[in-house]
Amino acid sequence: MAEGDGQSPWYTDRWLWGAFIVGALIRVIPMAVWPMLECVRDECIYRSIAYKIVGGKGLTTASKGWLPAPGIPYLLAIGKVATGSFQSVKWVHIVMSQISIVLMYLLGDRVGKTRGAARWAAWLFAVNPTIAWFTNTLWIETIYIFFLLLATLLLLDSRDKPWGWAILSGAALGGAVLFRGMATYLPPFFILAALFPRSFTTAGVMEGIRGGWRHVIGFVVGLLVTVAPYSVYGTQKHGGFLVTDATSGHVLYLGNNDYPPLTFDYGNGMLTQPLFQKYLRIGRKPCPRKQSPVLAMECESEAAREWIQENPEEFASRIPQRIAQLVNPHSFLTRHIRWGYFRGIPWVLKEFLVVYTAAFSSLVMLGGTLGLWARARGPFGIIASGTIAYTFATIAIVYGMTRFRLPIEPLWTIYLAVMLSDWQGTKKILGDSIIRQVGVLLTLPALFALMLWYLPTGWPLFW
């Protein structure tokens, strides 16, 4: 909290500790009662690659020929060697998710500048059902969220400290890149945030640029120190430039082909392998996967570009569907509930969780978008709005899945928290700005309509 505000230190706030305790309970208890011991799709792929790492074969390609970022396979392998079980990574998830509650609290304070915003941010993150449930899986989203929030907080705080502190932010974002290749294209937003002037006078802009470039250099150094060693190694090993992963061609192959854009959510995806294979037989054959994964993905990317050029109308017509898949208020949690993973769960609790998941996701997306239009400004505004827009743009090109939305939910949540902590101030800001009002009118109704597209899928009896 800001010094001199007359309040006790943030780490003594009982509301934060309450969110921390409740967050721990809703992460640990379900994992103890309903452990997700079976893997699904990418979980199985990460685990099979980790088996090979444990066996001394190192990081290899997936069965489909694409190469994942090294973070999760190596973390799974370390857990297997240290504890004898790949499942031990879930305790790492829980620890990181609990730390993320604190990071959300601090970001809520930095952005909203009130303790109320900080409390809302921590609690909304703590009780987010999908974020909590993902700690009980082998997917990378929990770790990716942790590094993204940490990098953002460190970048914001480094602006008031010597430029060397920005190295920590770059290193944190580098951690995100090592776990998920999609983070590779986020640094420009952090660089713009570092350069953001403290005032828009001529002197203020020039001072911001002069001082900001030092922080940019620190940020880039931290990023390169973290990512470059593996990038150099991977490039030499696979015979083509590699940052951390080679997967983009594979998702372009799935999303830009003669069959509909494939996804794997409940009610709007390929839920069985035979059905998945049936669709694959309809489209063009994949590029040879026995070659280097870098070259294979380059081949797939080129084939996808050719398909888009030959089918521009079909490509454009799929964009709303892909975005609808991304903003489907349900999630993988809904999918697993309907698949019967929670054995013995009472029917009432099961249906409550489905409704709660959809309602909470809707609140985050709609409320977060409204709050973003009202409150987005400054360095965090650049990072949050840029990351959200980048995610939507990427999905518009490939294919949509609710798992891809999870890392941007915390960014939405910050603005939802700020709005809830000061609703009157939010209304005033919107009322005083025609530009912000137009932004709301252009995005919120469209977002709501796209959210309704797959909403009924959570209740198959009515679908």
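Residues numbered from 1 in each chain as written. Predicted model: local features only at pLDDT ≥ 70, side-chain atom pairs only at ≥ 80, totals over all residues. Heavy atoms only, no water.

**Comments concerning the environment of Gln-87**
Among the structural elements, Gln-87 can be located in the loop between α3 (71–83) and α4 (89–112). Residue Gln-87 is classed as buried on the basis of its relative accessible area, which comes to 18%. Here the alpha-carbon distance between Gln-87 and Thr-137, two residues 50 residues apart in the chain, equals 8.3 Å. Once residues lying within four places of it in the same chain are set aside, the contact partners of Gln-87 are Met-36 and Leu-37. Of note is the side chain of Gln-87, whose polar atom sits 2.5 Å from the side chain of Lys-90. (Helix = DSSP H or I, 4+ residues; strand = E, 2+ residues; numbered from the N terminus. Buried < 20%, exposed > 50% of the residue type's maximum accessible area, 1.4 Å probe, protein only. Contact = heavy atoms within 4.5 Å. Polar contact = N/O pair within 3.5 Å; in protein donor to acceptor, adjacent residues only side chain to side chain.)

**Comments concerning helix α11 (residues 248–255)**
Counting buried positions over the 8 residues of α11 gives 6, a clear majority of the element. The inward-facing, buried residues of α11 abut α12 (273–282), α13 (293–310), α14 (312–326) and α17 (378–397).

**Points about the pattern of salt bridges**
Per the counting criterion, the structure on display carries 13 salt bridges. The shortest N-O distance in the salt bridge between Arg-318 and Glu-314 comes to 2.9 Å. Taken together, the residues span about one helical turn, with Arg-318 and Glu-314 both in helix α14 at a distance of 4 residues. What makes Arg-318 buried here is its relative accessible area of 4%. Among the charged side chains, a network of salt bridges with common partners joins Asp-42, Glu-141, Arg-180 and Arg-403. (Salt bridge = Lys/Arg side-chain N within 4 Å of Asp/Glu carboxyl O.)

**Examining empty space enclosed by the protein**
All told, the structure shown has 2 cavities of 30 Å³ or more when counted by the stated rule. Of the volumes computed, that of the largest cavity is approximately 60 Å³. Lining of the largest cavity is provided by Tyr-144, Arg-180, Met-182, Leu-186, Thr-387, Tyr-390, Thr-391, Phe-404, Pro-407 and Ile-408. Looking at which element gives the most residues to the lining of the largest cavity, the answer is α17, with 3 residues. When the residues that make up the lining of the largest cavity are grouped by side-chain class, the tally is 7 nonpolar, 2 polar and 1 charged. By volume, the second largest cavity amounts to about 30 Å³. As for the second largest cavity, its lining consists of Asp-265, Tyr-266, Asn-328, His-330, Ser-331, Thr-334 and Thr-457. Along the lines of polarity and charge, the residues of the lining of the second largest cavity split into 1 nonpolar, 5 polar and 1 charged. (1 Å grid on protein atoms, 1.4 Å probe; cavity = no way out; pocket = protein on both sides within 12 Å on 5 of 7 lines; lining within 4 Å. Points joined across faces, edges and corners; volume = space filled by probe spheres on them. Nonpolar A, V, L, I, M, F, W, Y, C, P; charged D, E, K, R; others polar.)

**Digging into a nonpolar patch on the surface**
On the surface, Ile-21, Leu-25, Ile-26, Ile-29 and Val-33 cluster together to form a nonpolar patch covering roughly 430 Å² of accessible area. Relative to the assigned elements, Ile-21 resides in helix α1 (residues 14–33). (Patch = residues over 30% accessible without salt bridge, like charges linked within 9 Å, V, L, I, M, F, W, Y side chains within 5 Å. Areas by Shrake-Rupley, 256 points an atom, 1.4 Å probe, with all protein chains shown as cover.)

**Let's talk about the nonpolar core**
In this structure, Leu-173, Leu-186, Phe-190 and Phe-342 are the most contacted members of the largest nonpolar core, which totals 130 residues. With 11 residues, helix α7 (residues 141–158) is the single largest residue contributor to this core. Dropping the residues within four chain positions of it, Phe-190 is found in contact with Leu-148, Ala-151, Thr-152, Leu-155, Ser-169, Leu-173, Phe-219 and Ile-383. (Core = buried A, V, L, I, M, F, W, Y, C linked by side-chain atoms within 4.5 Å.)

**With respect to the environment of Ala-324**
Relative to the helices and strands, Ala-324 is located in helix α14. Residue class for Ala-324 comes out buried when judged on its relative accessible area of 0%. Through-space distance from the C-alpha of Ala-324 to that of Leu-452 is 8.1 Å; in sequence the pair is 128 residues apart. Beyond its immediate chain neighbours, meaning those up to four positions away, Ala-324 contacts Leu-450, Trp-453 and Tyr-454.

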